[in-house]
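Residues per chain, in single letters:
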Amino acid sequence: GSPKAQEMAAAGLSDLAFGAVTERLERTEKELAAGLKVTDTRSVTLAPAPVPGEGGAGSTTNKDDDDESEADRLVYIAEAGGIMPLVALLSSGTTSAREYSAGALWHLALDKAIQSSIARANGISPLVTILDDGTPQAHKHASDALARLAIKNPDNQAQISKHCVALLGNESTGTQQRAARVLRDLAAKNPGSPVVVVNAGAISPLVGCLSEGVPSVKEE
C-alpha cells in the first residue's frame, strides 16, 4: 500500500490489538478470582465462515463463541501474517507508521507465542533503534514492547541488552537515558536478567554514563 495506507493499517491493527489486550486482562482477573489456571498463550484456529441463515459448524451466533473470538484478536492478527509487515514498518515506514507499528507490537507481545514470533522476525533490533530516532510516543511503545518481550525469555533479554548497551555510547543524551532505563527495568523485573545484562557488556558504559553523563542519564 501507499505510505498513508500503511500508517492507517498499522493504526488499525494497533487498535484491534489494544482491545484484545483489555479483554484478556479482564478475563485474567476473572480467572484469578475464580481460582482457575491462567494462561498467557491462546492457540486459536480460525473457524470457517458461517453459512448465511444456518447454524451448526462455523456459526458465530453463540454469544460465548463471539466472546472467545473477540478475546483472541491477537492470535488472529498473527495468524493472518501481521507480524512481519509490522516489524518491517519499524524500519521502512513513515514516522507515524513506525509509531503505530511499535504500539501494535507492544500489544501483540502480551501473548507468549507471539513474543517468540516477533523475536524470530528480528523485531527486537528495530524496536531498540526507535529509542534513538522515534517520536516520544514511539519511544514509549518501543520500551513497553521490549519489556514484554523480555518476560521469562532469556534469549530475548540477551538481544535487548546487547542492543541497548550499544546505545549507551550514543551522542544523544536522550537516547542514552532511554537505553539505560530499559536496562534498569530489565534487571529489576526479570529474575536472572542482571547476569544477562552484565554479560552484554553493560557495566563499563554504565559507569561511563554515571561519571560523564548529564543528570537525567546519571539517574537512570
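Residues numbered from 1 in each chain as written. Predicted model: local features only at pLDDT ≥ 70, side-chain atom pairs only at ≥ 80, totals over all residues. Heavy atoms only, no water.

### Description of the overall build of the protein
Item 1. Helix and strand content of the protein: 13 helices and zero strands.
Item 2. For the protein, the sequential pattern of α-helices and β-strands runs α-α-α-α-α-α-α-α-α-α-α-α-α.
Item 3. For the protein, with 220 residues in total, the buried portion stands at 40%.
Item 4. As displayed, the protein has an accessible area near 11600 Å², and 56% of this comes from carbon and sulfur atoms. (Helix = DSSP H or I, 4+ residues; strand = E, 2+ residues; numbered from the N terminus. Buried < 20%, exposed > 50% of the residue type's maximum accessible area, 1.4 Å probe, protein only. Areas by Shrake-Rupley, 256 points an atom, 1.4 Å probe, with all protein chains shown as cover.)

### Details of the pattern of salt bridges
Item 1. Using the criterion set out here, one finds nine salt bridges in the structure.
Item 2. The salt bridge partner of Lys4 is Glu7, with a shortest N-O separation of 3.4 Å. In this pair, Lys4 and Glu7 are both assigned in helix 1 (residues 3-33), three residues apart and thus about one turn of the helix distant.
Item 3. A relative accessible area of 10% places Glu7 in the buried class.
Item 4. Ionic pairing is found between Arg98 and Asp133, a salt bridge with its closest N-O pair at 2.9 Å. (Salt bridge = Lys/Arg side-chain N within 4 Å of Asp/Glu carboxyl O.)

### Structural notes on the nonpolar core
The nonpolar side chains of a soluble globular protein tend to be buried, and buried together.
Item 1. One finds Leu108, Leu127, Leu131, Leu146, Ile160 and Cys164 to be the most contacted residues of the largest nonpolar core, which totals 46 residues.
Item 2. The dominant element in this core, judged by the number of residues it contributes, is helix 8 (residues 136-150), at six residues.
Item 3. If we ignore the near neighbours within four places in the chain, the residues touching Leu108 are Ala17, Leu74, Ile77, Ile83, Leu86 and Ile114. (Core = buried A, V, L, I, M, F, W, Y, C linked by side-chain atoms within 4.5 Å. Contact = heavy atoms within 4.5 Å.)

### Considerations on the side chain of Arg178
Item 1. With respect to the helices and strands, Arg178 occurs in helix 10 (residues 173-189).
Item 2. One buried charge, Arg178, has no salt-bridge partner; the nearest side chain with opposite charge is Asp132, at 5.5 Å.
Item 3. Here Leu131 takes part through its backbone oxygen, which lies 2.6 Å from a polar atom of the side chain of Arg178.
Item 4. Excluding residues that lie within four positions of it along the chain, Arg178 makes contacts with Leu131, Asp132 and His139. (Lys, Arg positive; Asp, Glu negative; His and termini not counted. Polar contact = N/O pair within 3.5 Å; in protein donor to acceptor, adjacent residues only side chain to side chain.)

### So, the layout of surface pockets
Any empty space left between atoms is shown by rolling a water-sized probe over those atoms.
Item 1. Taken as a whole, the largest pocket holds about 310 Å³ of empty space.
Item 2. Around the largest pocket, the lining comprises 18 residues; the ones closest to its centre are Ser143, Asp144, Ala147, Asp185 and Lys189.
Item 3. Those elements that place two or more of their residues in the lining of the largest pocket are helix 8 and helix 10.
Item 4. In terms of residues, the lining of the largest pocket owes the most to one element, helix 8, which gives nine residues.
Item 5. For the lining of the largest pocket, the residue count by class is eight nonpolar, three polar and seven charged.
Item 6. The volume enclosed by the second largest pocket comes to roughly 270 Å³. (1 Å grid on protein atoms, 1.4 Å probe; cavity = no way out; pocket = protein on both sides within 12 Å on 5 of 7 lines; lining within 4 Å. Points joined across faces, edges and corners; volume = space filled by probe spheres on them. Nonpolar A, V, L, I, M, F, W, Y, C, P; charged D, E, K, R; others polar.)

### What to know about the packing of helix 1 against helix 5 (residues 95-108)
Item 1. It is at 8 Å that the axes of helix 1 and helix 5 come closest, and there the two elements cross at 25°. Considered as vectors, helix 1 and helix 5 are oriented roughly parallel to each other. Here helix 1 runs over helix 5; the crossing is left-handed. Each of Glu7, Ala10, Ala11, Leu13, Ser14, Ala17, Phe18 and Val21 in helix 1 lies in contact with helix 5, whose residues at this interface are Ser96, Ala97, Tyr100, Ser101, Gly103, Ala104, His107 and Leu108. (Axes fitted to C-alpha atoms, helices over the stretch in contact; angles between N-to-C directions. Parallel < 35°, antiparallel > 145°, perpendicular 65-115°, else oblique. Left-handed = near helix turned anticlockwise from the far one by under 90°.)

### Examining helix 7 (residues 124-133)
Note that an α-helix has 3.6 residues per turn; residues three or four places apart therefore point the same way.
Item 1. Buried within helix 7 we find Ile124, Pro126, Leu127, Val128, Ile130 and Leu131.
Item 2. For helix 7, the secondary structure elements touched by its buried residues are helix 4 (83-92), helix 5, helix 6 (112-120), helix 8, helix 9 (154-167) and helix 10.

### Re the confidence of the model for the protein
Item 1. The share of residues in the protein with pLDDT of 70 or more is 86%, and the mean pLDDT across the chain is 88.
Item 2. Scored below 50 in pLDDT, residues 45-52 makes eight contacts in the model with residues more than four places away or belonging to other chains.
Item 3. Contacts of residues 54-71 to residues separated by more than four positions or lying in other chains number 18 contacts, the stretch itself having pLDDT below 50. (pLDDT = per-residue confidence, 0-100.)

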